[in-house]
Amino acid sequence: MYAFNYHRPKSLADAGKLLGDASDGKFIAGGQTLLPTLKNRFASPSDLVDLTGITELSGISVSGGTVSIGAITKHGVVATSADVKKAIPALAHLAGLIGDPAVRNMGTMGGSVANNDPAADYPSAVLGLNATVHTTKRKIAADSFFTGLFETALEESEIITKIEFPVPKRAGYEKFRNPASRYAMVGVFVAETADGVRVAVTGAGPCVFRHKEMEAALAKSFSPDALKGIKTDPGKMNNDIHGSGEYRAHLVGVVAKRAVQNALG
Amino acid sequence: MTISVTITVNGQPETRDVEPRTLLVQFLREHLQLTGTHVGCDTSQCGACVVHVDGKSVKACTILAAQAQGAKVTTIEGLAADGKLHPMQEAFREHHALQCGFCTPGMIMSAVDLAQRNPNPSEETVRHELEGNLCRCTGYHNIVKAVMAGAQAMRG
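Nothing here was measured: the structure is a model prediction, and the numbers come from that model. All residue numbers here refer to positions counted from 1 along the written sequence of the relevant chain. Just so you know, chain letters begin at A and ligand numbers begin at 1, following the order they were written in. This being a predicted model, a pLDDT of at least 70 is required before a residue's local features are given, and a value of 80 or more before pairs of side-chain atoms are given or counted; all residues contribute to the totals for chains, interfaces and linings.

> Before we go on, may I ask you to explain the overall build of chain A in this structure?
Helix and strand definitions follow DSSP, with helices as H or I runs of at least four residues and strands as E runs of at least two, each counted in order from the N terminus. Counting secondary structure elements, chain A contains eleven helices and 14 strands. This radius of gyration counts C-alpha atoms alone. The globule rule is 2.2 Å times how many residues there are, raised to the power 0.38. For 265 residues, the compact-globule formula gives about 18 Å, and the C-alpha radius of gyration of chain A, at 18 Å, lands near that figure. Here the C-beta atoms are placed from the backbone, and a residue counts as buried if at least 20 other C-beta atoms lie within 10 Å of its own, exposed if 12 or fewer do, and partly exposed otherwise. Within the span of chain A, comprising 265 residues, buried residues form 51% of the whole. Of the contacts formed within chain A by residues at least 6 apart in sequence, a portion of 61% connects residues at least 24 apart. In this description, any two residues whose backbone-derived C-beta atoms lie within 7 Å of each other are considered to be in contact.

> Help me out: how do you make sense of the overall build of chain B in this one?
Scanning chain B from terminus to terminus reveals five helices and five strands. Rg of the C-alpha trace for chain B: 15 Å, near the compact-globule value of 15 Å for 156 residues, within the 12% margin. Projected onto its principal axes, the C-alpha coordinates of chain B cover approximately 50 × 30 × 25 Å. Within the span of chain B, comprising 156 residues, buried residues form 47% of the whole. Contacts spanning at least 24 positions in sequence make up 60% of the contacts within chain B whose residues lie at least 6 apart.

> Would you explain the confidence of the model for chain B in this entry?
For any part of a model where pLDDT is low, the fine detail of the predicted coordinates should not be relied upon. pLDDT is a residue-level measure of predictor confidence that goes from 0 to 100. Model confidence for chain B is summarised by a mean pLDDT of 97, while 100% of its residues fall at 70 or above. Confidence estimates for the predicted assembly give a pTM of 0.96 and an ipTM of 0.96.

> Just to check I follow, could you spell out the interface of chain B and chain A for this structure?
In many reports, interface size means the accessible area that the parts give up when they come together. Listed per partner, the contact involves 25 residues of chain B and 19 residues of chain A. Of all the secondary structure elements, the ones that give two or more residues to the side of chain B that touches chain A are strand E4 (56-59) and helix H3 (104-117) of chain B. Tallying contributions element by element places E4(B) first for the side of chain B that touches chain A, with four residues. Class assignment of the residues belonging to the side of chain B that touches chain A gives a composition of eight nonpolar, nine polar and eight charged. Three categories are distinguished: nonpolar for Ala, Val, Leu, Ile, Met, Phe, Trp, Tyr, Cys and Pro, charged for Asp, Glu, Lys and Arg, and polar for the others, with Gly belonging to the last.

> Can you help me understand the packing of helix H2 (residues 87-94) of chain B against helix H5 (residues 141-155) of chain B in this one?
Residues and elements named next belong to chain B. In contact at an axis separation of 8 Å, H2 and H5 are set at 145° when each is read in the N-to-C sense. Helix-helix and strand crossings are classified by hand; for H2 and H5 the assignment is right-handed. Where H2 abuts H5, its residues Pro87, Met88, Glu90, Ala91, Phe92 and Glu94 lie against Ala146, Ala149, Gly150, Ala153 and Met154. Grouping the amino acids of the contact of H2 with H5 by side-chain chemistry returns eight nonpolar, one polar and two charged. Axis lines are fitted through C-alpha atoms, for helices just across the contact stretch, and the angle between N-to-C directions can take any value from 0 to 180 degrees. Take the far helix as the reference: if the near one is turned anticlockwise from it by less than a right angle, the crossing is left-handed, and if turned clockwise, right-handed.

> What's the story with the domain arrangement of chain A in this structure? I'm lost.
Residue and element names in this part refer to chain A. Assigned domains of chain A: these are domain 1 (5-49) and domain 2 (58-264). A separation of 25 Å is found between the C-alpha centroids of domain 1 and domain 2. For the side of domain 1 that touches domain 2, the leading source of residues is helix H1 (residues 12-21), giving five residues. When grouped by side-chain class, the residues that make up the side of domain 1 that touches domain 2 number five nonpolar, six polar and no charged. Marked domain ranges trace back to an automatic or database domain assignment.

> I'm lost on the sheet that holds strand E5 (residues 66-70) of chain A in this one. Help?
Backbone-to-backbone hydrogen bonds pair the strands of a sheet. The strands run either parallel or antiparallel. All names here are of chain A. Strands are treated as partners if at least two bridges between them are detected by DSSP. Spatially, E4-E5-E10-E6-E7 is the arrangement adopted by the five strands of the open sheet, whose pairing is antiparallel. Edge positions in the sheet fall to strand E4 (60-63) and strand E7 (139-141), since each of these pairs with one other strand and no more. The mean angle between the axes of side-by-side strands here comes to 20°, regardless of whether they run parallel or antiparallel. Here three bridges tie strand E6 (residues 132-135) to E7, and the two strands are oriented antiparallel to one another. Residue pairing for E7: Val133 is matched across the bridge by Ile140.

> How should I be thinking about the pairing of strand E3 (residues 47-50) of chain A in this particular structure?
Each regular strand carries side chains that alternate between the two faces of the sheet. Residues and elements named next belong to chain A. Alternating residues of E3 divide into Asp47 and Val49 and Leu48 and Asp50, and every residue in both groups is buried. Where strand E1 (residues 5-7) and E3 come together, three bridges link them in parallel fashion. In the strand pairing of E3, Tyr6 is matched with Leu48. Inspection of the sheet shows strand E2 (residues 25-28) paired to E3 by four bridges, in the parallel sense. Bridging across to E3, Lys26 finds its partner in Leu48.

> I keep staring at the sheet that holds strand E3 (residues 50-53) of chain B and nothing clicks. Help me out?
Residues and elements named next belong to chain B. Ordered by their spatial adjacency, five strands build an open sheet running E2-E1-E5-E3-E4, and the pairing between neighbours is mixed. Two strands in the sheet have a free side with no partner beyond their single neighbour: strand E2 (12-18) and E4. Strand-to-strand twist in this sheet, taken as the mean axis angle between neighbours without regard to direction, amounts to 40°. Sheet topology places strand E1 (residues 3-9) next to E2; seven bridges connect them, and they run antiparallel. Bridged to Thr6 within E2 is Thr15. Against the sheet, helix H1 (residues 24-31) touches E1 and E2, its axis set at about 100° to E2.

> Explain the pairing of E3(B) to me, please; I cannot follow it from the model alone.
Residues and elements named next belong to chain B. In E3, alternate side chains face the same way, and those of Val50 and His52 on one face and Val51 and Val53 on the other are all buried. Note: E3 against E4, four bridges, orientation antiparallel. Opposite Val51, over in E4, you have Val58 as the bridge partner. Taken together, E3 and the strand that follows it, E4, pair antiparallel across an intervening segment of two residues, in which Asp54 is found at a positive phi of about 50°. Where E3 and strand E5 (residues 72-74) come together, two bridges link them in antiparallel fashion. Its bridge partner lying in E5, Val53 is registered against Val73.

This is the structure:
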C-alpha cells in the first residue's frame, strides 16, 4: 500500500468536507474490497475517510412493507437478522453467501453497492428487488444506480446512507461461486414484486443487469420450467480465465432456474 | 503522517504511533511482537491471520490498525488462561488437527467464533463455516473432528 492520511469523522457533514478537502480522497467502510485493492497498488488515494464511526448509517428497520438497511450494516448482521429473515429471506440468504464469516464481519452493504464489483452479490438484490438507494443528496432508483463496470450514479462526495428494499411477494437467490474467491461466477436474484417479476444477474457480465426475456417468461408462469429454452447472449458475458462467455451464458440459465426454485421454497 | 492507535489486545491496552496504512496484523506482529497471528496469503483468502475484534472473527490482514481503534482484540496468545490451553486448543492437540501448524492459529480463532455462535455444530456446519480458512496439509478431517470436540468442550 502507498501511504495515505486516515480520518474517522463522526458525522456525514464532516465526512463530506474531509473528502472535499482531500486532493484524492476515498471513502472506506468495511474495506474488504478497498484494502486488497490498495495492497495491489491498483489505487493510491491521498486520504481515506472512514464512514464506520457515523452511527446513523447503521441499523435495520422494517415498516410498512419496506426493509431499510443502513449503509454500514455488516453482511453478517444482515445474514442473521431475524427481521430480514422474516421479511425477505432471500436477502438474508444472499448476505450469508458473501465471502466467509470473517469477511462478513467487516464488509458492509453500502460499501459493496457503492463499489459495484461486477461479481458482487448485493447489486443483484438491489436491482432484483427494485430497491431505492438513499444518499446524502437524493434517492436513486435501482434501475438508474448501476451504470457500468465499477460505475454507479454516485457523485464524488455523495454517500449512501441507507437502502430501502420493498418486501416482495417472493424472491430467491442462487449463486455459482468461484471456489477460490467465493465471488459469483454467476448469481441470479429473482423476485415477484408489486411491479412485476424482476430477474437480476450478477457475475456474468461487466455490470449487474436485468434479464428481460426471463422476466417476461416468469410473469406468465413463475416456475423453473418457464425459463426453458431462453438464451443469454455469450457476447455480452465476461470472458476470462475463470470461464468463457459461452460457459457463463449457459450458467445464467441453470442458476436462474435454481433461483426460481428457491423462491418457490 | 503517523497516528496514535490504542487497541486493547488480550486484555492489555496498547498504544502505538503508527502509519495510517499499518494493518492490524502488522500492529500485532511488528509493534507488539505477537507473532502467533500468521500472514499466509495477505489477500484475505487463507484465514491464517484471523483474530477476534470485539468478539468477532476478522482477517487481520484486511483491516487497518486504525479501523480497530478502541476495540478489544483477542489473538491466539490470548486464549490460554492460567497455563491451561483453551478447550479448542486442547481439542486441536488431542485430535492431531495440524501438520505444519501454519494455519492453526487462524483456524482455532475461527473455530472459537464458530462455537460461540453455534454451540452444537453439525459436521456440515463446521465444514461450511471454515470456508475462509485454508489448510494445505491435513485434508481438514482432523480439523473438523477437533472443532466439533472443541465446541462440545466449550459448552462444558
